[in-house]
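The chain contents come next:
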Amino acid sequence: MEDLSEPLLAAIIGRITRTADLNSLSLVSKQMYNVEAEERGSIHVGCGLHPATEALSSLCSRFPNLWKVEINYSGWTHNQGKQLDNQGLHVLSSHCPLLKDLTLSFCSYIDDSGLDYLSYCKKLMVLRLNFVRAISSSGLLSVAVGCKSLSTFHLVDCLNVSSVEWLEYLGRAGSLEELVVKDCKGISQYDLLKFGPGWTKLQKFEFEINDYYWLSGALDRSYVPGYPYKYDICCENMKDLRLAHIITEPEIGLRFLLRKCKALEKLCLDYVIGINDGEMIALFQNCSNLRSISLRLMPRRCDFSFRTPLTDDSLKALSLCCPMLQVVQLTFTFCCSKWPTEIGFTQKGIVTLIQTCPIRALMLNGASILKDEGMKDLSSAQFLEALELVDCKGITDVGMSFIVRAPCLTSLTLRKCKNVTNVGMAELVRSQKLESLTVIGCRLISHEAVQGAAKSVNYSANPENFDSLKGVK
């Protein structure tokens, strides 16, 4: 190894991705130690950093070309020593001139003073703040003003952030291409409207706020009746949009994005109260590039009926207007299997969509409308490669005998499908066509029955909790 040139060693090291392997490689020789140190561009540290500030300073000195740093204290306890504090961010800002990507997770001792140090990281492009609860809007404004190159910003579970001067500043700067705001109760969907001209360049946006949004008669407490909310906003570059757990009635709020985005490729709407067929049809008619859609729906009062808000009319528009659609995920929550009309879609509507578009991956959760006959129809889907069935009570072993006929199916996942038994698994074993099989919480399927049903098998008899199964918080 010592006869190899440094450029060749650098090329070898560049192909190694596991941190443990890089650490082992650096022990081979002094030359390898030095080359690896020069080539190391990223580190991931957390509970094992002792003493925190001194250890980080040592790492930054050893690896002078760091451009990506992740600091994660998930699961930390006081017995594990002191966490990294504001001085740690001072070390990063002064020792890592190439820093472009920083993630801080569960950092309890970092506050606005620490974020002030980050404002000196002039090359910082990506900043993710997860559960950093001591920071406030003041610190975020310092980052927005100082980090002119910021293009990706994630703010998750930061409860002390309320005012949005930082958001207005980032909007005027117009540098952000990706913005994620989740579980920050001080930031409402109407605050996001203040992002203003920043929407023009944004390509990915995600907003989620967990509250009692799903209760009957729940209201958005941030809505101010009579306030002149403005929606004259351009977002023609948006490709990836996720809205979750929000109420958009009587005021439209962030639902306005559905009327504006024409370049969408990925859409995820999780329990957005207020969506309707007319709006979704108009969206699909404008988004011919849509490749992936995920809808989580629960029944609401719709005129004289009680059902999920979207019907087959939306599915028909989706199949006619989005010829590039490849991924479909449909989740139905709080829908009683004894009352199939609580689901606005029909089995025929779903099957027609899958047969019309080149769907490669399909997930159906709580789709009590899907029966074995529907599985027979799905088996003729020419492009279907991956199928996931969750809490689908209408599927039995007969359905398994049908679905194995799908010409391209290689991956099957069954979660809480209580009417599929070992007999159905025997059908999969006989077919010998699956690459991957996952079975979780299906009480009539044994561990022995899934053996040999696919090249890769994942099995668990333990049922998942409701929140995990349905994505309800």
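Above this text you will find the structure in question.
Computed from a predicted structure; not experimentally measured.

**A word on the pattern of salt bridges**
Move 1: Evaluation of the coordinates by the stated rule reveals 20 salt bridges.
Move 2: D157 serves as the salt-bridge partner of R133, at 2.8 Å between the closest nitrogen and oxygen. Within this pair, whereas R133 is found in the loop between β4 (126–130) and α7 (137–146), its partner D157 is found in the loop between β5 (152–156) and α8 (165–173), the two being separated by 24 residues in sequence.
Move 3: Here R133 falls in the partly exposed class, since its relative accessible area comes to 33%.
Move 4: For R296, the salt bridge goes to D270, with nearest N and O atoms at 3.4 Å. Here D270 lies in strand β9 (residues 266–270) and R296 lies in strand β10 (residues 292–297), a separation of 26 residues in the sequence.
Move 5: Looking at R296, the relative accessible area reads 23%, which means it is partly exposed.

**Considerations on the pairing of strand β14 (residues 361–365)**
Move 1: Counting buried positions along β14 gives four out of five residues, so the element sits mostly inside the fold.
Move 2: Relative to β14, strand β13 (residues 327–332) runs parallel, the two being bridged by five bridges. The residue of β14 that forms the bridge with V328 is L362.
Move 3: Handedness of the crossover joining β13 and β14 through helix α12 (residues 347–356) is recorded here as right-handed.
Move 4: Pairing between β14 and strand β15 (residues 386–390): five bridges, direction parallel. What sits directly across from L362, in β15, is L387.

**With respect to the environment of F306**
Move 1: Within the element layout of this structure, F306 appears in strand β12 (residues 305–307).
Move 2: The exposure class assigned to F306 is partly exposed, which follows from its relative accessible area of 37%.
Move 3: In this structure, the C-alpha to C-alpha distance between F306 and G344, residues 38 residues apart in sequence, is 9.1 Å.
Move 4: Those residues in contact with F306, other than ones at most four positions away along the chain, are P299, R300, R301, T341 and E342.

Quick notes on the rules
Residues numbered from 1 in each chain as written. Predicted model: local features only at pLDDT ≥ 70, side-chain atom pairs only at ≥ 80, totals over all residues. Heavy atoms only, no water. Salt bridge = Lys/Arg side-chain N within 4 Å of Asp/Glu carboxyl O. Helix = DSSP H or I, 4+ residues; strand = E, 2+ residues; numbered from the N terminus. Buried < 20%, exposed > 50% of the residue type's maximum accessible area, 1.4 Å probe, protein only. Pairing = 2+ DSSP bridges. Right-handed = clockwise from strand over helix to strand, strands pointing away. Contact = heavy atoms within 4.5 Å.

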